[in-house]
Protein chains: 4
Amino acid sequence: MPVEDSPESPFDAHIGTEWTEIGPETARGRIAVGDHHKQPAGLVHGGVLTSLAESVCSKATYEAVRDEGMVSMGQSNQATFLRPITEGHVNALARNRHRGRTTWVWDVELSDDEGRLCALVRMTIAVRPRRAR
Amino acid sequence: MPVEDSPESPFDAHIGTEWTEIGPETARGRIAVGDHHKQPAGLVHGGVLTSLAESVCSKATYEAVRDEGMVSMGQSNQATFLRPITEGHVNALARNRHRGRTTWVWDVELSDDEGRLCALVRMTIAVRPRRAR
Amino acid sequence: MPVEDSPESPFDAHIGTEWTEIGPETARGRIAVGDHHKQPAGLVHGGVLTSLAESVCSKATYEAVRDEGMVSMGQSNQATFLRPITEGHVNALARNRHRGRTTWVWDVELSDDEGRLCALVRMTIAVRPRRAR
Amino acid sequence: MPVEDSPESPFDAHIGTEWTEIGPETARGRIAVGDHHKQPAGLVHGGVLTSLAESVCSKATYEAVRDEGMVSMGQSNQATFLRPITEGHVNALARNRHRGRTTWVWDVELSDDEGRLCALVRMTIAVRPRRAR
């Protein structure tokens, strides 16, 4: 699915989100790690991971429902951190687990460039009619 | 507790985190909303809220345990979004709920400048001896 | 709010749930601990705590919305365990944090008879029109 | 891995947990649905699902670490409910996602006898030396 005609996301531009695959089953994105992504100990800040997970799931949901006159909005973001990332990319792979009338649920794996699992995020995206928002 | 001699956090500088109160019982911080914090629909991106919650809890935990030779690291960040924010500040108020040997647990309320509750975050911070990290 | 005319809950009868206060702002319930509530190490099983939290929030939400033709159903149950319980009661105090058109959110504290905080549960209850269920 | 010499779990006996596979990578269990598992609307109570998920992950973790002198204890149970169950079995399939020094993390799928996904649980089990408990 082409992603170039999606609305722009200023926060994603600010933190460097790249969407590399957007689809209703699977979606991927990544952020190239820079010093400005780090917390005091030199590790990538957990907020970079939760932000990336939400951006990937939100865009994938929105692209899938917008032609039906729906909008999407994050409802919950449940992150478990397993291993720090210090360099390379934060890579997100999101798999859709549920497409209901009012919510979509995604499981996201965040990994480093060695393919090591660094965090798990379960993301619930609310889907609503555009006018009722 | 003075916060000026804490290590710097580049990601917090990048997204504009201000810590306004740091203590072992209660901690507060905020981010002044700019266009660069927004997602495509013009709302503050959920990742700004999860990042702020984690920054406030991480710093408050670290300041409390570092003199005992401990370090802290985010273990889980569970966010529930209730209401969008579009302007003013994202304000975080974190209350400590548990100080265990290996984890601290915080409940964070995120609100807008009208005092309306916009998100809830339960944050678990792992605490470990500095050398064993 | 009287609770005697609520529909019966067989699972709650099976595990011993007592509702002691039901209201739209605050709700309470408890379970008197018996050997049949324990896991192999002699501690109350975590499932007793998650079950009690869900029962209290579900009933309080249902009692509040049923006169509007709505039904309620658990959507997410996020539990963090802090301290084991071995005797006395599991006591639940639920505070409402959000009443939206489609979800109610509750924060539940589970404590022992000494008043020590033993677990925290954030419960999201979906609210839907009765016929659309 | 044989499960017959594990310590007994009274709560699991009370709610009917059957463990059908226990291993460090994958574990399975189920509960045959009876009327005593239901909430007022006739659906299986969410607490049955969260209890089963915790029982499967706890036993699988304990069996794997006990020979190293460790014990295990639930630390968090994050459940998202997708679809009600009314009959047959509640079936749990747990996959290990992380084996750290202090925590194991599992992803659990709860499904009905038609194989439909009914809930997702992310379970964190704390692992501690037996004597330090």
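Further up the page is the structure itself.
Analysis parameters
Note that residues are indexed from 1 along each chain, following the sequence as it is written. Labels follow written order: the first chain is A, the first ligand is 1, and so on. The predicted origin of the model limits local features to residues at a pLDDT of at least 70 and limits the giving and counting of side-chain atom pairs to 80 or more, whereas totals for whole chains, interfaces and linings rest on all residues. Hydrogens and waters are ignored; side-chain quantities use all the structure's heavy atoms. Two strands form a pair only when DSSP identifies at least two bridges running between them. Comment: elements are numbered from the N terminus, with helices defined as DSSP H or I runs of at least four residues and strands as E runs of at least two. Here the axes come from fitting lines to C-alpha atoms, over the contacting stretch only for helices, and the angles between their N-to-C directions go from 0 to 180 degrees. Residue contacts are counted whenever heavy atoms from the two residues lie within 4.5 Å of one another. Whenever Lys or Arg places a side-chain nitrogen within 4 Å of a carboxyl oxygen from Asp or Glu, that contact is recorded as a salt bridge. Each residue's exposure class comes from its accessible area (1.4 Å probe, protein chains only) as a fraction of the maximum for that residue type: buried when under 20%, exposed when over 50%, partly exposed otherwise. Buried area: the sum, over both parts, of the accessible surface (1.4 Å probe) that disappears when the two are put together. By the criterion applied in these results, polar contacts are pairs of N or O atoms within 3.5 Å in which, for protein atoms, one can donate a hydrogen and the other can accept it, and in which residues neighboring in sequence qualify only through two side-chain atoms. Note on residue classes: Ala, Val, Leu, Ile, Met, Phe, Trp, Tyr, Cys and Pro are nonpolar, Asp, Glu, Lys and Arg are charged, and everything else, Gly too, is polar.

Chemist: I'd like a rundown of the sheet that holds strand β2 (residues 26-32) of chain C, residues and numbers included.
Modeler: Read from one edge to the other, the open sheet built from 12 strands follows the order β1(C)-β2(C)-β4(C)-β5(C)-β6(C)-β3(C)-β3(D)-β6(D)-β5(D)-β4(D)-β2(D)-β1(D), with strand pairing classed as antiparallel. At either end of the open sheet lies a strand with only one pairing partner, and these are β1 (17-21) of chain C together with β1 (17-22) of chain D. The average undirected angle you get between the axes of adjacent strands in this sheet is 25°. By the bridge criterion, nine bridges tie strand β5 (residues 103-111) of chain D to strand β6 (residues 117-129) of chain D in an arrangement that is antiparallel. Within β6 of chain D, the residue paired with Trp104 of chain D across the bridge is Ile125 of chain D. Against the sheet, helix α2 (residues 46-65) of chain C touches β1, β2, β3 (70-81), β4 (89-99), β5 (103-111) and β6 (117-129) of chain C together with β3 (70-81) of chain D, its axis set at about 150° to β3 of chain C. Against the sheet, helix α2 (residues 46-65) of chain D makes contact with β3 of chain C together with β1, β2 (26-32), β3, β4 (89-99), β5 and β6 of chain D, and its axis sits at roughly 150° relative to β3 of chain D, the strand it touches most.

Chemist: Break down the pattern of salt bridges for me, with residues and values.
Modeler: Should their charged atoms come close, side chains of opposite charge can pair. Evaluated as defined, the whole model comprises 44 salt bridges over all chains. With a closest N to O distance of 3.0 Å, Glu21 of chain A and Arg28 of chain A form a salt bridge. Residue classification places Arg28 of chain A among the partly exposed residues on the basis of a relative accessible area of 37%. Counted as one network, the salt bridges with shared partners bring together Arg95, Arg97, Asp107, Glu109 and Arg122 of chain A together with Arg95, Arg97, Asp107, Glu109 and Arg122 of chain D.

Chemist: Residue-level account of the interface of chain B and chain A, with values.
Modeler: Counting from both sides, the interface comprises 36 residues of chain B and, opposite them, 36 residues of chain A. At the boundary of chain B with chain A, total buried surface from both sides reaches about 2600 Å², with 61% on carbon and sulfur atoms. Among the residues chain B hides against chain A, the three largest losses belong to Phe11, His14 and His45 of chain B. Together they make up 22% of the total. Across the chain B-chain A interface, the total number found is 12 residue pairs in polar contact (both at pLDDT 80 or more). Elements supplying a minimum of two residues to the side of chain B that touches chain A: α1 (10-15), α2 (46-65) and β3 (70-81) of chain B. At nine residues, β3 of chain B tops the list of elements feeding residues into the side of chain B that touches chain A. Class assignment for the residues of the side of chain B that touches chain A results in 13 nonpolar, 17 polar and six charged.

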